Amino acid sequence: MADKKARLTIDGVDEVIELSVYSGTLGPDVIDVRPLTGRGLFTYDPGFVSTAACESSITYIDGEKGILLHGGYPIEQLAKHSDYLETCYLLLNGELPTPEQKELFVNTIKNHTMVHQQMTHFFNGFRRDAHPMAIMVAVVGALSAFYHDSLDIDDPHHREVCAYRLIAKMPTIAAMCYKYSIGQPFQYPRNELDYADNFLHMMFGTPCATYVPNPILAKAMDRIFLLHADHEQNASTSTVRLAGSSGANPFACIASGVAALWGPAHGGANEAVLQMLEEIGDEANIPEFIKRAKDPDDSFRLMGFGHRVYRNFDPRAKVMKQTCDEVLAELGVENDPLLKIAKRLEQIALEDEYFVQRKLYPNVDFYSGIILKAIGIPTNMFTVIFALSRTIGWISHWSEFHSSPNKIGRPRQLYMGPVKRDYPE
């Protein structure tokens with residue numbers, strides 16, 4: 001039921017069009033513009049930045065106030081009291097699990113960590129220097145060829161099984177992408193380990209010696225997973241929903257999300273941070289690059305500062321900064337040249353009036369890039385880890401979409417091409 005009405009008048013048209021206005025539990029009201037289509041009118045909203053394309057109960061963001069809620073819980077509280085798999089349960093089910101529910105959920109995920117042995121042969125078709133995201137897009141899309149026993153999107157149990165498989169297998173696939181690129185044998189998952197421990201084992205373990213994960217680094221990885229778990233209707237999540245609206249299988253939909261995430265304006269942002277640090281090269285060059293960043297006519301931009309959504313401090317960045325400090329202290333790598341540049345840039349951004357006035361604070365991508373480099377993860381794997389983390393958000397939105405009446409997505413356009421023409425004889 002609409003809470004109120006909006007009335008639209010158009011020059012030259014006598015009719016006043018009445019549109020329903022709906023209110024959510026949080027956030028701005030939305031105007032239901034569907035009646036316009038019957039009158040030969042569409043709304044024009046490039047980038048869909050002013051359009052609500054769906055109802056959702058999963059995540060809420062207030063960018064002006066720097067708020068991010070999963071199931072109503074602030075991200076800062078989840079980062080302090082929860083862990084990644086518990087947050088996965090929350091995103092999938094809308095409620096935090098009881099201790100018994102969490103134990104069952106964690107054990108279920110552990111039982112799905114292996115991938116079909118035949119999938120290992122896929123990797124031999126890629127060049128060793130292929131970007132890991134190129135491999136991940138292909139391998140995730142191919143999962144439907146091996147796990148086609150639960151692809152009925154209208155069956156809640158099938159949707160649940162697909163979610164479990166994706167959450168469990170993405171770390172395995174991500175680590176395989178890395179191992180293939182450096183010519184090392186794939187490491188089987190060890191199900192006695194926690195989720196983040198197991199990922200680090202598959203990344204850095206070898207058959208030659210037992211890998212013992214560092215608890216500080218494992219905690220940092222779990223934080224990175226948790227803080228990237230979901231971020232409402234962004235480009236990749238909307239892509240997954242749109243692909244899902246056609247009835248495509250969930251693995252294909254998640255592969256579409258991986259592809260959308262690949263771009264530097266989205267999931268590639270933390271990779272861009274390290275590329276920027278390498279471009280700066282030395283602390284002595286920082287003043288020059290700061291000057292260039294302030295010059296509106298210069299194409300150079302400081303990556304990892306500010307956020308398209310948050311007009312305040314990114315709430316995830318507060319947690320990530322603390323984690324970053326813990327990792328650097330644990331590893332004793334404060335003298336790494338790139339990390340020294342990063343810490344100096346952080347200090348400038350928090351103190352320089354130019355950045356403070358514009359609220360260009362270091363964001364989650366800035367700190368996560370520093371952490372991943374310090375742990376020893378190569379830059380081209382950063383977006384792969386983002387995709388691993390975001391899979392739970394994608395599959396939660398995909399499942400929510402199919403849990404209620406829906407229709408295929410069909411955006412409209414403002415056509416600016418030639419009018420009808422006759423083909424020349």
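Our subject is the structure listed above.
Reading the values: the criteria
Residues numbered from 1 in each chain as written. Predicted model: local features only at pLDDT ≥ 70, side-chain atom pairs only at ≥ 80, totals over all residues. Heavy atoms only, no water. Helix = DSSP H or I, 4+ residues; strand = E, 2+ residues; numbered from the N terminus. Rg over C-alpha atoms; globule rule 2.2 N^0.38 Å. Contact = heavy atoms within 4.5 Å. Areas by Shrake-Rupley, 256 points an atom, 1.4 Å probe, with all protein chains shown as cover. Lys, Arg positive; Asp, Glu negative; His and termini not counted. Charge placed at Lys NZ, Arg CZ, Asp CG, Glu CD. Buried < 20%, exposed > 50% of the residue type's maximum accessible area, 1.4 Å probe, protein only. Salt bridge = Lys/Arg side-chain N within 4 Å of Asp/Glu carboxyl O. Patch = residues over 30% accessible without salt bridge, like charges linked within 9 Å, V, L, I, M, F, W, Y side chains within 5 Å. Expected span 1.5 Å × (residues − 1). Pairing = 2+ DSSP bridges.

A. Spotlight on the overall build of the protein. Summing up its helical and strand segments, the protein has 16 helices and six strands in all. Here the C-alpha radius of gyration of the protein, 23 Å, is about what a compact globule of 425 residues would show, namely 22 Å. Projected onto the principal axes, the alpha-carbon positions of the protein cover approximately 80 × 60 × 60 Å. Counted over contacts in the protein with a minimum sequence separation of 6, partners at least 24 positions apart contribute 69%. Summing over all exposed atoms, the protein offers an accessible surface of approximately 21,600 Å²; the carbon and sulfur share of this is 52%. Charge-centre separation for the protein: the mean point of 40 positive side chains lies 2 Å from the mean point of 52 negative side chains.

B. Looking closely at unusual backbone geometry. Despite not being glycine, Phe48 has its phi angle at roughly 55°, a positive value. By secondary structure assignment, the location of Phe48 is in the loop between β3 (30-31) and β4 (59-62). A relative accessible area of 51% means that Phe48 is categorised as exposed.

C. The pattern of salt bridges, seen in detail. Taken as a whole and judged by the stated rule, the model has 18 salt bridges. Among the ionic pairs, Arg39 bridges to Glu15, the shortest N-O distance being 3.0 Å. Within this pair, whereas Arg39 is found in the loop between β3 and β4, its partner Glu15 is found in the loop between β1 (4-8) and β2 (17-22), the two being separated by 24 residues in sequence. The exposure class assigned to Arg39 is partly exposed, which follows from its relative accessible area of 39%. Between Lys294 and Asp352 there is a salt bridge, with the nearest N and O atoms lying 3.0 Å from each other. With a gap of 58 residues between them, Lys294 in helix α11 (residues 286-294) and Asp352 in the loop between α13 (337-351) and α14 (353-357) connect regions that are remote in the sequence. Taken together, the shared-partner salt bridges in this structure form one network comprising Lys321, Asp325, Lys343 and Glu346.

D. Region of the structure containing a nonpolar patch on the surface. Side chains of Tyr44, Leu414 and Met416 sit close together on the surface and give an oily, nonpolar patch of about 430 Å² of accessible area. The residue Met416 is located in the segment after α16 (382-402) in this model. Taking the relative accessible area as the measure of exposure, Met416 reaches 70% and is therefore exposed.

E. The arrangement of α13 in detail. Between its first and last C-alpha, α13 extends 22 Å over 15 residues, near the 21 Å set by a 1.5 Å rise per residue. Of all the residues in α13, the buried ones are Leu338, Leu339, Ile341, Ala342, Leu345, Glu346, Ile348 and Ala349.

F. Inspection of the sheet that holds β3 at higher detail. Strand order in the open sheet formed by three strands is β1-β2-β3, with antiparallel pairing between adjacent strands. Only two strands of the sheet have a single partner each, and these edge strands are β1 and β3. The pairing of β1 with β2 spans five bridges and is antiparallel. Note on β2: the bridge partner recorded for Ala6 is Leu19.

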